[in-house]
2 protein chains.
Amino acid sequence: MTEEQTYSIAQLAQEFDVTSRAIRFYEDQGLINPTRDGQSRIYNKADHARLAWILKGKSVGFSLGEIGELLNLYSIDDGRQHQRLVTLERCNERIADMKEQKDNLAFMIKELEGFCKILVSPEMDEKIKKAAS
Amino acid sequence: MTEEQTYSIAQLAQEFDVTSRAIRFYEDQGLINPTRDGQSRIYNKADHARLAWILKGKSVGFSLGEIGELLNLYSIDDGRQHQRLVTLERCNERIADMKEQKDNLAFMIKELEGFCKILVSPEMDEKIKKAAS
DNA sequence: CTTGACGTTTACGTAAACGTCAACTAACAT
DNA sequence: ATGTTAGTTGACGTTTACGTAAACGTCAAG
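Residues numbered from 1 in each chain as written. Chains lettered and ligands numbered in written order. Predicted model: local features only at pLDDT ≥ 70, side-chain atom pairs only at ≥ 80, totals over all residues. Heavy atoms only, no water.

Would you take a moment to explain the interface of chain B and chain A for this structure?
By a widely used convention, the size of an interface equals the accessible area lost when the partners come together. With 35 residues of chain B at the interface, the matching set in chain A holds 34 residues. Of the roughly 3,600 Å² buried between chain B and chain A, counting both surfaces, carbon and sulfur atoms make up 79%. Our enumeration of links across chain B and chain A arrives at two salt bridges. Between A:E113 and B:K99 there is a salt bridge; the shortest N-O distance is 3.2 Å. At the surface where chain B touches chain A, the tally comes to six residue pairs in polar contact (both at pLDDT 80 or more). Mapped by element, the contributors of at least two residues to the side of chain B that touches chain A are α3 (45-59), α4 (64-73) and α5 (81-120) of chain B. (Contact = heavy atoms within 4.5 Å. Buried area = accessible area lost by both parts, 1.4 Å probe. Salt bridge = Lys/Arg side-chain N within 4 Å of Asp/Glu carboxyl O. Polar contact = N/O pair within 3.5 Å; in protein donor to acceptor, adjacent residues only side chain to side chain. Helix = DSSP H or I, 4+ residues; strand = E, 2+ residues; numbered from the N terminus.)

Laid out in structure tokens, this is it:
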């Protein structure tokens, strides 16, 4: 009944549009740890979600090392208060970075959208160049 | 009167928190082209703005090559219609990418903020684990 | 039974984006 | 004149994130 869905490396590769090589590389880096059927890797739903997470992390500029750290952060259960505070601080730094990056993205999107407008109506462009009427 | 402000490489490096080496590298790649006073590079306001643009581009994931292309796109004045459409298409692709990236950023920010909350109030965490009361 | 599709490991290669010398010049300060 | 402080140009080194090729196992289809 509880036959959880599993995936081959090629399935994941196709779904997420990365190479098998990349997925194995993430494993080398300790980011993911599928079970094995003999020699072949078998990924379950959790692995699937984990890979999705990794790729999102990458897309927003985290290095694989940082992603590894973040994934580890989720599993601090030692309860040490100091460690907790250090982690909190680093998280907040990351969040600040990402918010700044979001602003930069917004800026860039505006830039390109503005440029597109010029591309679409070049006549306007020339007029604007002479007088902003 | 029209004494435009200029900058040395070190000034720019400090202001933007990059190394002089990096700035020279951008020049090698054709992204920026300061004038010279003898051997030394002199950057004007336009160069300053250009560098800012480059760094924002980088921060949102463009490669230096892509940034070069984008900067070039701004100076297509040949008026060829086909070229214009190609450019438009590529711009729109980029914009779509960036919007997706913005979503990913929002997701990640939420993730980390959620995690921070757990870090701040660990008691809550345990309670939640048992029953979401 | 061999061909093909898919998987594996090991090992070396590579592109991007700089870092890091080394060796030099030119301008100043002492 | 001499040391310190910027700046310069190569040239080579480094890290990250995979690509790529070699050499092989496994299983289903023809």
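Just to check I follow, could you spell out the protein's contact with DNA strand D for this structure?
Taken together, 17 residues are adjacent to DNA strand D, and A:T19, A:K58, B:A10, B:R24 and B:R41 come closest. Between DNA strand D and A:Y26, the relevant distance is 2.9 Å, taken from a phosphate oxygen to a side-chain nitrogen or oxygen of the residue. Contact distances for DNA strand D include 3.1 Å between a phosphate oxygen and a side-chain N or O atom of B:S8. The set of elements that each furnish at least two residues to the surface near DNA strand D consists of α2 (20-28) of chain A together with α1 (9-16), α2 (20-28) and β3 (40-44) of chain B. (Near = heavy atom within 4 Å.)

Honestly, the relation of the copies chain B and chain A in this entry has me stumped. Any pointers?
Both copies of the chain are related by a screw-like operation: a rotation about an axis and a shift along it. Of the two same-sequence chains, chain B is brought onto chain A (RMSD 0.1 Å, axial shift 0.0 Å) by a rotation of 180°. The operation mapping one copy onto its partner corresponds to a two-fold rotation axis. Distance from the rotation axis, computed per C-alpha, reaches its smallest value in chain B at B:K102: 3.2 Å. Of the residues that chain B buries at the interface, 97% are likewise interface residues in chain A, meaning the two copies contact each other through the same surface. (Least-squares fit on C-alpha atoms with pLDDT ≥ 70 in both.)

Help me understand the protein's contact with DNA strand C in this model?
Around DNA strand C, the surrounding shell holds 17 residues, and the nearest of these are A:R24, A:R41, B:T19, B:Y26 and B:K58. Of all atoms in DNA strand C that approach within 4 Å of the protein, 74% are sugar or phosphate atoms. The separation between a phosphate oxygen of DNA strand C and a polar side-chain atom of A:S8 is 3.3 Å. Within the side chain of B:T19, a nitrogen or oxygen atom sits 2.5 Å from a phosphate oxygen of DNA strand C. Mapped onto the surface near DNA strand C, the elements with two or more residues apiece are α1 (9-16), α2 and β2 (40-42) of chain A together with α2 of chain B. With four residues, α2(B) is the largest single contributor of residues to the surface near DNA strand C. Taken together, the residues that form the surface near DNA strand C break down as six nonpolar, five polar and six charged. (Nonpolar A, V, L, I, M, F, W, Y, C, P; charged D, E, K, R; others polar.)

Taken by themselves, the reported measurements are silent on function.
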